[in-house]
Amino acid sequence: MTADCIIERLETDLLILGAGGAGLMAAMHAQLQSRQLRVTVAVKGLLGQSGCTRMVQGGYNCVLHPQDSFEKHFLDTVKGGGWINNQTLAWTLVKEAPARIIELENRAGCLFDRNADGTIHQKAFAGQSFDRTVHKGDLTGIEIMSNLRDYMLESDVSVLEETRGLDLLVEDGRVCGALLFGIRTGRFLAVRAKATLLATGGGATMYRISSPSLEKAGDGMAMAWRAGVPFVDMEMLQFHPTGLLVGSSIATGGLLEEGLRGAGAYLYNGAGERYMERYDPEKKERATRDVISRSSFLEIRAGRGSTNGGVWIDVSHLGAKFVEGNFPGMVERCRDYGFDLVHDRVEVSPSAHYQMGGVRIEADCRTGIEGLFAAGEDAGGVHGGNRLGGNGVADSIVFGARAGDAMAAAVAGVAMPAVSQAVVDTLCERWLRPFARHSDESIFGIRRELENLMWDRVGIVRNASGLTTAIAQLDRLAERAAQARPGKGLASNAAWNEIANVVNLATVGRAVAASALVRTESRGAHYREDYPATDPSWLRNIVWRRRDGEWKADLEPVEFSRLQPPGV
Ligand SMILES: Cc1cc2nc3c(=O)[nH]c(=O)nc-3n(C[C@H](O)[C@H](O)[C@H](O)COP(=O)(O)OP(=O)(O)OC[C@H]3O[C@@H](n4cnc5c(N)ncnc54)[C@H](O)[C@@H]3O)c2cc1C
């Protein structure tokens, strides 16, 4: 198959890849800067229905109450992040989160839960010194995404649904747009753009049990990696302690929200023991996500897991009225799979959840390459070694908006960059290669191998030998994926799309493993059983840069521009 007959071309001022909170806020803000700008959003799924912002249950952290303060939110964020956050980014998040929540209400039409006096209700979330999580019941993401979708439909933004970014178009060291692919149409689309935003939401789906939406596959990060964009702290990947276990169903890994533990849930191992009493006698089930996930993992690994290899969560002692009244979404979700959260214990497992590491950005979302911006989960640095619940969606909304503003400013008076045919052809031919020469392997089997490898060797508990093995195996898996059996034709071809997914997941997974091998300490979500202590000399960021075709890790001291960690 050749590419000539299936390439279409498009020009736009701004190209936004991804339509979660970050992508849609970027589109909104770019248009607010100038209605003349041509803004195009390409989304792998459907507008308003895809990505993890829609899945947000708990809510959005911001300082609204007079007794709360930016300083408190900032301290919680950097403490939670193991003090390796980029403090400029973290402070920007904290400072701008309140204005964006008001904007979501006043401009996009969201309505969050209220106190009796009409002020916005804010609830408790783990790791916070003040109750500052804005929410709409336990289904906050649906409120945000439905309204942002409606806003987009009434705007002049062009939306390409079921259209995935495949690779960035790079010419003379500048990003000039991207090569897209219409999943249903089977046509490539070479889009020239003055500025391009990566907002594809990371790739925690590389693990056997994971919580993010299924279409996410680390595409944005993998595109950036191939283009040689610098990355930061790729080893930092968060596991949520309470993902549902529903056998081989795709629902496995879907979350029971943190508020359950906050409200007093108990966790039991297979022997009926409240094991958190051993791991964290003070906080028990209210310990942070990393501590609970690791404890549960160690229980399961020691053979003390539940029937299906997890642990049990139990809220029945809180009373039916309380559970039904406060967690209707969670009760319904459990009921859908035949579990009774109100009266019975439910089987859960740690679930790969969120990438703190990602593309290195400035506060205006610029990356290390001209013409390319990144925001939301594709970008790294805001959360350091661990993200607080409630700071993720705030990150996407705040930095998405900033990216839109910055991109609009950056393209003013800039000419449309040229893209040579050779650049487009080379990329199309690479992606079409499996049709010309392929093995007999199913890509779906390779995907399962990848997920198992990441879970077993690059997961919650890591060590040097496992990581070294994983890196070698990931290289091999990427090669096998690129040659797997591609199916027939290009339109609606699940196998060929999965090849692209697995190649990208292996690329990002390898970066996670390589970075995890470099960090010889335990900090935040990164736990090395061969280096279990947190080492103060490791108050460093691991910045990955490509030099002379080779990726190198630079260990850069964290800049404590606002706050020093205690004792340093
Ligand atoms: C179950 C769950 C619950 C959560 N609850 C909370 C919470 O309570 N509070 C909180 O702060 N955070 C929460 N998070 C985290 C939060 O969802 C994320 O931090 C945030 O939504 C990420 O936003 P984003 O815009 O970067 O990506 P997403 O919202 O994930 O959007 C990514 C978009 O990119 C698209 N895409 C993917 N690949 C491509 C491609 N190749 N080309 C084009 N488009 C592409 C997707 O279709 C999607 O539209 C939760 C996450 C999950 C999974």
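Let me begin by describing the structure that accompanies this report.

1. Quick notes on the overall build of the protein
Next, step 1: Scanning the protein from terminus to terminus reveals 15 helices and 19 strands.
Next, step 2: Its C-alpha radius of gyration of 22 Å places the protein within 12% of the 24 Å reference for a compact globule of 568 residues.
Next, step 3: In terms of overall dimensions, the protein has a C-alpha envelope of 65 × 55 × 50 Å along the principal axes.
Next, step 4: Looking at the 568 residues of the protein, the share that counts as buried comes to 60%.
Next, step 5: Taking the contacts inside the protein whose residues are at least 6 apart along the sequence as the reference set, 74% of them involve residues at least 24 apart.
Next, step 6: Between the centroid of the 63 positive side chains of the protein and the centroid of its 69 negative side chains there is a distance of 2 Å.

2. Structural notes on the site of the ligand
Next, step 1: Taken together, 41 residues lie around the ligand, and Cys52, Thr53, Glu215, Lys216 and Asp219 are the ones closest in.
Next, step 2: Taken by itself the ligand offers 1000 Å² of open surface, and the protein chains cover 98% of this.
Next, step 3: The set of elements that each furnish at least two residues to the shell around the ligand consists of helix 1 (21-33), strand 7 (163-171), helix 5 (219-226), strand 14 (346-355) and helix 11 (391-411).
Next, step 4: It is helix 11 that contributes the most residues to the shell around the ligand, four residues altogether.
Next, step 5: Here the residues of the shell around the ligand sort into 13 nonpolar, 21 polar and seven charged.

3. Re the packing of aromatic side chains
Next, step 1: Applying the stated criterion to the full structure yields 14 aromatic pairs.
Next, step 2: On the basis of an interplanar angle of 55° and a centroid distance of 4.5 Å, the ring pair of Phe181 and Trp496 is categorised as tilted. Here Phe181, found in strand 8 (residues 174-182), pairs with Trp496, found in helix 15 (residues 494-518); they are 315 residues apart in sequence, far enough to count as distant.
Next, step 3: Taken together, the ring pairs in this structure connect Trp225, Phe231, Trp544 and Trp551 into an aromatic cluster.
Next, step 4: Over the face of the ring belonging to Tyr354 we find Arg387, whose NZ or CZ atom lies 4.2 Å from the ring centre.

4. Concerning the sheet that holds strand 4 (residues 122-123)
Next, step 1: With antiparallel pairing, the three strands of this open sheet are ordered in space as 3-5-4. Since the sheet does not close on itself, it has two edges, and those belong to strand 3 (60-61) and strand 4, each with one partner.
Next, step 2: Here strand 4 runs beside strand 5 (residues 133-134); their pairing, made up of two bridges, is antiparallel. Across the sheet, residue Gln122 finds its bridge partner in strand 5, namely Val134.

5. Brief notes about the packing of helix 2 (residues 70-80) against helix 3 (residues 87-106)
Next, step 1: The interhelical angle for the contact between helix 2 and helix 3, taken along N-to-C directions, is 135°, at an axis separation of 9 Å. What the angle tells us is that helix 2 and helix 3 run oblique. You can see that helix 2 and helix 3 cross each other, and the crossing is right-handed. In this structure, helix 2 uses Phe70, Glu71, His73, Phe74, Thr77 and Val78 to contact helix 3, whose residues at the interface are Gln87, Ala90, Trp91, Val94, Lys95 and Pro98.
Next, step 2: The residue makeup of the contact of helix 2 with helix 3, split by class, is seven nonpolar, three polar and two charged.

6. Side note on empty space enclosed by the protein
Next, step 1: Per the stated rule, a full pass over the model turns up one cavity of 30 Å³ or more.
Next, step 2: Approximately 50 Å³ is the volume found for the largest cavity.
Next, step 3: Around the largest cavity, the lining residues are Phe239, Asp290, Ser293, Arg294, Ile460 and Ala525.
Next, step 4: If you tally residues by element for the lining of the largest cavity, the top one is helix 8 (residues 289-301), at three residues.
Next, step 5: Split into classes, the residues belonging to the lining of the largest cavity amount to three nonpolar, one polar and two charged.

7. Considering the packing of helix 1 against helix 11
Next, step 1: For the pair helix 1 and helix 11, the least separation of the axes is 7 Å and the interaxial angle reads 40°. Remark: the crossing between helix 1 and helix 11 carries right-handed chirality. For the pair helix 1 and helix 11, the contacting residues are Gly21, Ala22, Met25, Ala26, His29, Ala30 and Gln33 in the first and Ser396, Ile397, Gly400, Ala401, Ala403, Gly404, Asp405 and Ala408 in the second.
Next, step 2: A breakdown of the residues in the contact of helix 1 with helix 11 according to their chemical character gives eight nonpolar, six polar and one charged.

About the criteria used
- Residues numbered from 1 in each chain as written.
- Predicted model: local features only at pLDDT ≥ 70, side-chain atom pairs only at ≥ 80, totals over all residues.
- Heavy atoms only, no water.
- Helix = DSSP H or I, 4+ residues; strand = E, 2+ residues; numbered from the N terminus.
- Rg over C-alpha atoms; globule rule 2.2 N^0.38 Å.
- Buried < 20%, exposed > 50% of the residue type's maximum accessible area, 1.4 Å probe, protein only.
- Contact = heavy atoms within 4.5 Å.
- Lys, Arg positive; Asp, Glu negative; His and termini not counted.
- Charge placed at Lys NZ, Arg CZ, Asp CG, Glu CD.
- Near = heavy atom within 4 Å.
- Areas by Shrake-Rupley, 256 points an atom, 1.4 Å probe, with all protein chains shown as cover.
- Nonpolar A, V, L, I, M, F, W, Y, C, P; charged D, E, K, R; others polar.
- Phe/Tyr/Trp six-rings, centres within 6.5 Å; stacked < 30°, edge-to-face > 60°.
- Lys NZ or Arg CZ within 6 Å of the ring centre and 35° of its normal.
- Pairing = 2+ DSSP bridges.
- Axes fitted to C-alpha atoms, helices over the stretch in contact; angles between N-to-C directions.
- Parallel < 35°, antiparallel > 145°, perpendicular 65-115°, else oblique.
- Left-handed = near helix turned anticlockwise from the far one by under 90°.
- 1 Å grid on protein atoms, 1.4 Å probe; cavity = no way out; pocket = protein on both sides within 12 Å on 5 of 7 lines; lining within 4 Å.
- Points joined across faces, edges and corners; volume = space filled by probe spheres on them.

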